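Each chain is listed here by its residues.
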Amino acid sequence: MKKYWYLFFVPVFMGLTACHDDNEEPEQREQRESYLSCPDDHHPHLINLGLPSGTLWACCNVGATTPEGYGSYFAWGETEVKSVYEWRNYIHSDGTSETCHDLGASICGSEYDVATKKWDSSWQMPSLVQIQELLAKCSYEWTELNGIKGMKFKGSNGGSIFLPAAGGHELSHLGLLGQSGRYWAGTQNPIYNENACYLYFYNNFASWIHINRYCGYSVRPVAK
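Report follows, based on the coordinates. It should be emphasised that the depicted structure is a prediction, and the values quoted were computed from it without experimental measurement. (Residues numbered from 1 in each chain as written. Predicted model: local features only at pLDDT ≥ 70, side-chain atom pairs only at ≥ 80, totals over all residues. Heavy atoms only, no water.)

## Considering the overall build of the protein
Stated precisely, the cut-off is as follows: Only DSSP runs of H or I reaching four residues or more are called helices, and only runs of E reaching two or more are called strands; each is numbered from the N terminus. The rule is simple: take the accessible area with a 1.4 Å probe, protein chains only, and divide by the maximum for that residue type; under 20% is buried, over 50% is exposed, in between is partly exposed. For this analysis, residues touch if any pair of their heavy atoms sits within 4.5 Å. Reported accessibility uses the Shrake-Rupley method at a 1.4 Å probe radius. Residues are deemed covered only where the shown protein chains occlude them.
Check the secondary structure of the protein and you find three helices and twelve strands. Taken across its 224 residues, the protein has 53% of its residues classed as buried. A separation threshold of at least 6 residues defines the contact pool for the protein, and within that pool the share at least 24 residues apart is 60%. Total accessible area on the protein stands at roughly 9,700 Å², and carbon and sulfur atoms take up 50% of it.

Have a look at this one:
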């Protein structure tokens, strides 16, 4: 089996296309109803972080009812929760990493996108490019929201989102609650297709990594 918990930066990712309509100007995307923070309890909201791409992030995770809620955990490309996350029950392989199905460079907005499936077609998983932009263009700090630990990302315009440290689910174990956050991107690793990219953070460290696709991680959608 290849590559479990490790950092491995692949330059080719930097040129991948973000998951939004390239014909839609950033100004057009910003004209949709969005906020600098949650205005009320009717989630999810579009949060404007003043990003150059115009990407609008959701205020909460798939499966959560509040910004600090952990929400649900999904294997990459799956749209239902499970009690056990391993190669043997990963629906996009034949039981091993070597038989992992190639779903293409990106599943953003596709039939494999849990954000689109669980919410509606106006939402999708973020691409690696959008996660890279979040890391590069926002400040971030380890903090708490209503007693839940996580990372607050703040844009240059004052807009902010809170991502709870929801940990991750591997095999039958859900661990690292309150210690780290692991959020899927819709981007498959182009070299090792059994791996996909995700946002990883703990304390005041945040980066992107890639890992085996069967793991159960959180999803924070973006607007199409």
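## Details of the side chain of Thr-79
Among the structural elements, Thr-79 can be located in the loop between strand 2 (56-58) and helix 2 (114-118). Residue Thr-79 is classed as buried on the basis of its relative accessible area, which comes to 14%. Discounting chain neighbours no more than four positions away, the residues touching Thr-79 are Phe-74, Glu-111, Tyr-112, Asp-113, Val-114, Lys-117 and Lys-118.

## What to know about the sheet that holds strand 11 (residues 205-212)
Quick note on the threshold: Strands are treated as partners if at least two bridges between them are detected by DSSP. In this description, a line fitted to the C-alpha atoms serves as the axis of each element, helices being fitted only across the stretch in contact, and the angle between N-to-C directions of two axes falls anywhere from 0 to 180 degrees.
Pairing is antiparallel in the open sheet, where three strands are placed in the order 9-10-11. Whereas interior strands pair on both sides, the edge strands pair on one side only; in this sheet they are strand 9 (181-188) and strand 11. Averaged over all pairs of adjacent strands, the angle between their axes in this sheet comes to 30 degrees, without regard to strand direction. Sheet topology note: the strand 10 (residues 195-202)/strand 11 ladder contains eight bridges and is antiparallel. Paired with Tyr-200 across the two strands is Ser-207, which belongs to strand 11. Against the sheet, helix 3 (residues 128-137) contacts strand 9, strand 10 and strand 11, and its axis sits at roughly 160 degrees relative to strand 11.

## What about the packing of aromatic side chains?
Our working rule: The criterion for an aromatic pair is that two Phe, Tyr or Trp rings (for Trp, the six-membered ring) have centres within 6.5 Å, with stacked assigned to planes under 30 degrees apart, edge-to-face to planes over 60 apart and tilted to the rest.
Tallying each qualifying case throughout the model produces 13 aromatic pairs. Ring centres of Tyr-183 and Phe-201 lie 5.9 Å apart, and the angle between their planes is 20 degrees; this geometry places the pair in the stacked category. Remark: Phe-201 occurs in strand 10 and Tyr-183 occurs in strand 9; sequence separation between them is 18 residues. Ring plane angle 75 degrees and centroid distance 6.0 Å describe the contact between Trp-184 and Tyr-198, whose orientation is recorded as edge-to-face. Here the residue Trp-184 occupies a position in strand 9, and Tyr-198 occupies one in strand 10, the gap between them amounting to 14 residues. Just as Trp-184 is buried, Tyr-198 falls in that class too.

## What about the side chain of Gln-130?
Mapping Gln-130 onto the fold places it in helix 3. Look at Gln-130 and you get buried, because its relative accessible area is 2%.

## Some words on the environment of Lys-224
As a reminder, the rule being used: Whenever two N or O atoms come within 3.5 Å, that pair is a polar contact, provided that in protein one can donate a hydrogen and the other can accept it, and provided that, for residues adjacent in sequence, both atoms are side-chain atoms.
As for its position among the elements, Lys-224 is in the segment after strand 12 (222-223). Residue classification places Lys-224 among the partly exposed residues on the basis of a relative accessible area of 29%. Within the structure, the side chain of Lys-224 is placed 3.1 Å from the backbone oxygen of Ser-121, a separation counted as a polar contact.

## A short note on the sheet that holds strand 6 (residues 160-164)
Strand order in the open sheet formed by three strands is 4-5-6, and the pairing between neighbours is antiparallel. In this open sheet, the two strands that pair with only one neighbour each are strand 4 (139-145) and strand 6. Between one strand axis and the next, the sheet turns through 30 degrees on average, direction left out of account. Pairing geometry for strand 5 (residues 148-154) and strand 6, over five bridges, is antiparallel. Opposite Lys-154, over in strand 6, you have Ser-160 as the bridge partner.

## Looking at the environment of Asp-41
As for its placement among the helices and strands, Asp-41 is situated in the loop between helix 1 (26-30) and strand 1 (46-48). A residue is classified by how much of its surface remains accessible, and Asp-41, at 69% relative accessible area, is exposed. Separated by 25 residues in the primary sequence, Asp-41 and Thr-66 place their C-alpha atoms 7.5 Å from one another.

## Some thoughts on the pairing of strand 5
Bridge analysis of strand 4 against strand 5 gives seven bridges, and the strand direction is antiparallel. Bridge pairing in strand 5 places Tyr-140 opposite Phe-153. Hairpin remark: strand 4 followed by strand 5, antiparallel, with two residues in the connecting loop; positive phi at Asn-146, about 50 degrees. The loop that links strand 5 with its antiparallel partner strand 6 comprises five residues; one of these, Gly-158, has a positive phi angle of about 95 degrees.

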